[in-house]
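# Structural characterization, general
So you can see what is in the structure, the chains are spelled out below.
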Amino acid sequence: MVVNDKVAVVTGGASGIGEATAKQYCEHGASVVVGDVDEEGGEEAVASIVADGGEATFVPTDVAEEADVKRLIETAVDTYGGLDVVFNNAGTEGALAEFAEYDSADFDRVVAVNLRGAFYGMKYGIQAMLADGGGSIVNTSSVASVTGIMGRAGYSASKAGINGMTRAAAMEYATDEIRVNAILPGIVNTSMQDRVAVQRPDSTDRYEISEAMPGRATPEELANAVLFLGSDLSSRITGVTLPVEGGFLIQP
Ligand SMILES: NC(=O)c1ccc[n+]([C@@H]2O[C@H](COP(=O)([O-])OP(=O)(O)OC[C@H]3O[C@@H](n4cnc5c(N)ncnc54)[C@H](O)[C@@H]3O)[C@@H](O)[C@H]2O)c1
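Residues numbered from 1 in each chain as written. Predicted model: local features only at pLDDT ≥ 70, side-chain atom pairs only at ≥ 80, totals over all residues. Heavy atoms only, no water.

### Quick look at a nonpolar patch on the surface
- Taken together, the side chains of V2, F228 and L233 present a nonpolar region at the surface, about 250 Å² in accessible area.
- With respect to the helices and strands, the residue L233 is situated in the loop between α8 (219–230) and β7 (241–244).
- A relative accessible area of 61% places L233 in the exposed class. (Patch = residues over 30% accessible without salt bridge, like charges linked within 9 Å, V, L, I, M, F, W, Y side chains within 5 Å. Areas by Shrake-Rupley, 256 points an atom, 1.4 Å probe, with all protein chains shown as cover. Salt bridge = Lys/Arg side-chain N within 4 Å of Asp/Glu carboxyl O. Helix = DSSP H or I, 4+ residues; strand = E, 2+ residues; numbered from the N terminus. Buried < 20%, exposed > 50% of the residue type's maximum accessible area, 1.4 Å probe, protein only.)

Set out below in structure tokens:
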């Protein structure tokens, strides 16, 4: 029960890494508020947590909309009496195209969801934490933030931006007992990877060898890292961009 009695907000909690994280937080004693644009998936994720005896609430949220994220954070504070953890995880891969053909509107949308959405979660999450004695922010970045990946201009920009925001906010709030960290997933078995496999059928074979460890990560393996970073077990860790990628980044 490493996050017992903590209150956590998880964006993108209807599916994949976010859903696995919301479940693990509840299993470890936290109350969780899930925000997602997928209302059906979000309601289902929360119903499954509640059926297992956990405490969770769903708030329909488009993280690209500032008012939505503000309401999400306010719901957590109003419903559970405070805020300890915000996991800014909602994300989209966008279309697949190289720079010369990359659609500018798609670039804006990917950055609005992945980067501006995380900024809103940090802004309102930090406001609530300043009023409540501190907390932990965890952002979902990607190995794409530090390596070159092809066909994903908006995604690469947004994930590198998350690393910068993570370090800047960690500096700003280090004396306020607010820690800010990010995880860098590699290849994780989620619906995002299913969509990538449709966009780029050759990706499956390539991805199987991109991590030094065999196979792919499960969403639960990523959730373990988010659980650690949100808990007091990581009390001295801030400003870190933590690879959780089976050795993707150590390969030549
Ligand atoms: N799967 C991977 O291999 C991988 C690798 C690196 C990073 N990531 C990152 O992990 C995060 C989670 O992705 P996942 O793999 O679990 O994929 P996923 O598609 O299973 O989950 C993403 C969730 O985000 C939600 N979402 C999308 N746009 C949203 C918006 N505007 N507002 C609110 N919610 C929104 C979706 O509805 C979905 O529930 C993303 O930030 C992604 O970029 C994934």
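Still more ground to cover, so stick around.
### Some points on the sheet that holds strand β2 (residues 31–36)
- Read across the open sheet, the seven strands follow the order β3-β2-β1-β4-β5-β6-β7; overall the sheet is parallel. What marks the edges here is a single partner per strand, and that holds for β3 (55–60) and β7. Here the average twist between neighbouring strands, direction ignored, is 20°.
- Where strand β1 (residues 7–11) meets β2, five bridges bridge the pair, whose relative direction is parallel. Counterpart to V9 in the pairing with β2 is V33.
- Running over the sheet, helix α3 (residues 66–80) touches β1, β2, β3 and β4 (85–88) and is turned about 155° from β3.
- The strands touched by helix α4 (residues 104–130) within the sheet are β4, β5 (135–140) and β6 (178–185), with β4 carrying the most contacts at an inclination of about 175°. (Pairing = 2+ DSSP bridges. Axes fitted to C-alpha atoms, helices over the stretch in contact; angles between N-to-C directions. Contact = heavy atoms within 4.5 Å.)

### A short note on the side chain of E211
- Tracing the backbone through its elements, the reader meets E211 in the loop between α7 (203–208) and α8.
- Here I187 takes part through its backbone nitrogen, which lies 2.7 Å from a polar atom of the side chain of E211.
- With residues up to four places along the chain from it excluded, the contact list for E211 reads G186, I187, E245, G246, F248 and Q251. (Polar contact = N/O pair within 3.5 Å; in protein donor to acceptor, adjacent residues only side chain to side chain.)

### Some thoughts on empty space enclosed by the protein
- Applying the stated criterion across every chain, the model contains one cavity of 30 Å³ or more.
- Here the largest cavity defines a volume of roughly 70 Å³.
- Along its surface, the largest cavity is lined by T11, V63, V69, N88, N89, A90, V113, N114, G117, A118, G121 and I162.
- For the lining of the largest cavity, the leading source of residues is α4, giving five residues.
- Along the lines of polarity and charge, the residues of the lining of the largest cavity split into six nonpolar, six polar and no charged. (1 Å grid on protein atoms, 1.4 Å probe; cavity = no way out; pocket = protein on both sides within 12 Å on 5 of 7 lines; lining within 4 Å. Points joined across faces, edges and corners; volume = space filled by probe spheres on them. Nonpolar A, V, L, I, M, F, W, Y, C, P; charged D, E, K, R; others polar.)

### Observations concerning the environment of G82
- Its place among the elements puts G82 in the loop between α3 and β4.
- For the pair G82 and G125, spaced 43 residues apart in the sequence, the C-alpha separation amounts to 10 Å.
- Leave out the neighbours within four places in its chain, and G82 touches V7, A76, V77 and D132.

### Digging into the packing of helix α1 (residues 16–27) against α8
- Here α1 crosses α8 at 55°, and the two axes come no closer than 8 Å. Our classification of the angle between α1 and α8 gives oblique. Seen along the crossing, α1 lies across α8 with a hand that is right-handed. Listed contacts from α8 to G16, I17, A20, T21, Q24 and Y25 of α1 are P219, E220, L222, A223, N224, V226, L227 and G230.
- Grouping the amino acids of the contact of α1 with α8 by side-chain chemistry returns eight nonpolar, five polar and one charged. (Parallel < 35°, antiparallel > 145°, perpendicular 65-115°, else oblique. Left-handed = near helix turned anticlockwise from the far one by under 90°.)

### Some details on the site of the ligand
- Close contacts around the ligand come from 30 residues, with S15, D36, N89, Y155 and T190 the closest.
- D62 has a polar side-chain atom sitting 2.9 Å from a nitrogen atom of the ligand.
- Protein burial of the ligand: of its 820 Å² of free accessible surface, 94% is covered by the chains.
- More than half of the atoms belonging to the ligand lie within 2 Å of the grid points that define the largest pocket.
- Elements supplying a minimum of two residues to the shell around the ligand: α1, α4, α5 (153–172) and α6 (191–199).
- Counting residues per element, the shell around the ligand draws most heavily on α6, which supplies four residues.
- Here the shell around the ligand is built from residues that sort into 11 nonpolar, 13 polar and six charged. (Near = heavy atom within 4 Å. Sits in = over half its atoms within 2 Å of the grid points.)

By themselves these figures say nothing about function.
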